[in-house]
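# Structural description and commentary
Each chain, written out:
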Amino acid sequence: MIIYNTTFHVSDEVERMFLDYIRLQYVPMATADGTMTNPILSRVMGSAHDGGMSYALQMQAQSMKELQKWCLGTGKTLSARIASHFGSSVVGFTTMMDVLDLK
């Protein structure tokens, strides 16, 4: 299982619009083909000290191969739409994590 985490820093001016966009458009598009599952949106605690707020969106993929295919298609489209819609008011970075067994 691969966790795909994108952390977005969002300016105060677009915060409400960003949250609506993520909930109503981004996540439904990201999960539409079934590659990405179990979306979780979190507010990053203590991130408001420099203006704006940070949010982390996590989703899961079954394999790195599936995730890479998603990134080249749907993921690329979604990144372009965020940039087009919000410009420099929203910036993000992505981390991919391999889930390990604790046993």
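The following refers to the structure shown.

### Quick word on the sheet that holds strand β1 (residues 2–10)
Taken in spatial order, the four strands of this open sheet run β2-β3-β1-β4, and their pairing is antiparallel. Each end of this open sheet is capped by a strand with a single partner; those strands are β2 (37–43) and β4 (90–98). For this sheet, the mean angle separating the axes of adjacent strands, direction not counted, is 15°. Alignment of β1 against β4, held across nine bridges, turns out to be antiparallel. Looking across to β4, one finds that phenylalanine 8 is bridged to glycine 92. Strand contacts of helix α1 (residues 15–31): β1, β2, β3 (53–61) and β4, with the helix running at about 10° to β3, the strand carrying the most contacts.

### Concerning the nonpolar core
Core analysis: the biggest nonpolar cluster contains 24 residues, and Phe8, Phe18, Tyr26, Met59, Trp70, Ile82 and Val90 have the highest contact counts within it. If you list the elements that add at least two residues to this core, you get β1, α1, β3 and α2 (64–86). Looking at this core, the element that brings in the most residues is α1, giving seven residues. When sequence neighbours within four positions are dropped, the list of residues in contact with tyrosine 26 reads Phe8, Tyr21, Leu57, Met59, Leu78 and Ile82.

### What about unusual backbone geometry?
At asparagine 38, a residue that is not glycine, the phi angle is positive and equals roughly 50°. With respect to the helices and strands, the residue asparagine 38 is situated in strand β2. A relative accessible area of 47% places asparagine 38 in the partly exposed class.

### A closer look at the pattern of salt bridges
Counted under the stated rule, the structure contains one salt bridge. With a closest N to O distance of 3.3 Å, aspartate 20 and arginine 16 form a salt bridge. Highlighted residues: aspartate 20 and arginine 16, both in helix α1, separated by four residues, approximately one helical turn. On the basis of relative accessibility, which here comes to 33%, the residue aspartate 20 falls in the partly exposed class.

### Section: the side chain of threonine 7
Within the element layout of this structure, threonine 7 appears in strand β1. A polar atom in the side chain of threonine 7 sits 3.1 Å from the side chain of asparagine 5. In contact with threonine 7, not counting residues within four places along its chain, are Val44, Ser54, Tyr55, Ala56, Val91, Gly92 and Phe93.

### A word on the packing of aromatic side chains
Applying the stated criterion across every chain yields a total of six aromatic pairs. Measuring from centroid to centroid gives 5.6 Å for tyrosine 21 and phenylalanine 86, while their planes differ by 80°, and the two rings are edge-to-face. Pair noted here: tyrosine 21 is in helix α1 and phenylalanine 86 is in helix α2, with a separation of 65 residues, a long-range link. For the residue pair tyrosine 21 and phenylalanine 86, the accessibility class agrees, reading buried in each case. Among the aromatic side chains, those forming a connected cluster through ring pairs are Phe8, Phe18, Tyr21, Tyr26, Tyr55 and Phe86.

The rules behind these values
Residues numbered from 1 in each chain as written. Predicted model: local features only at pLDDT ≥ 70, side-chain atom pairs only at ≥ 80, totals over all residues. Heavy atoms only, no water. Pairing = 2+ DSSP bridges. Helix = DSSP H or I, 4+ residues; strand = E, 2+ residues; numbered from the N terminus. Axes fitted to C-alpha atoms, helices over the stretch in contact; angles between N-to-C directions. Contact = heavy atoms within 4.5 Å. Core = buried A, V, L, I, M, F, W, Y, C linked by side-chain atoms within 4.5 Å. Buried < 20%, exposed > 50% of the residue type's maximum accessible area, 1.4 Å probe, protein only. Salt bridge = Lys/Arg side-chain N within 4 Å of Asp/Glu carboxyl O. Polar contact = N/O pair within 3.5 Å; in protein donor to acceptor, adjacent residues only side chain to side chain. Phe/Tyr/Trp six-rings, centres within 6.5 Å; stacked < 30°, edge-to-face > 60°.

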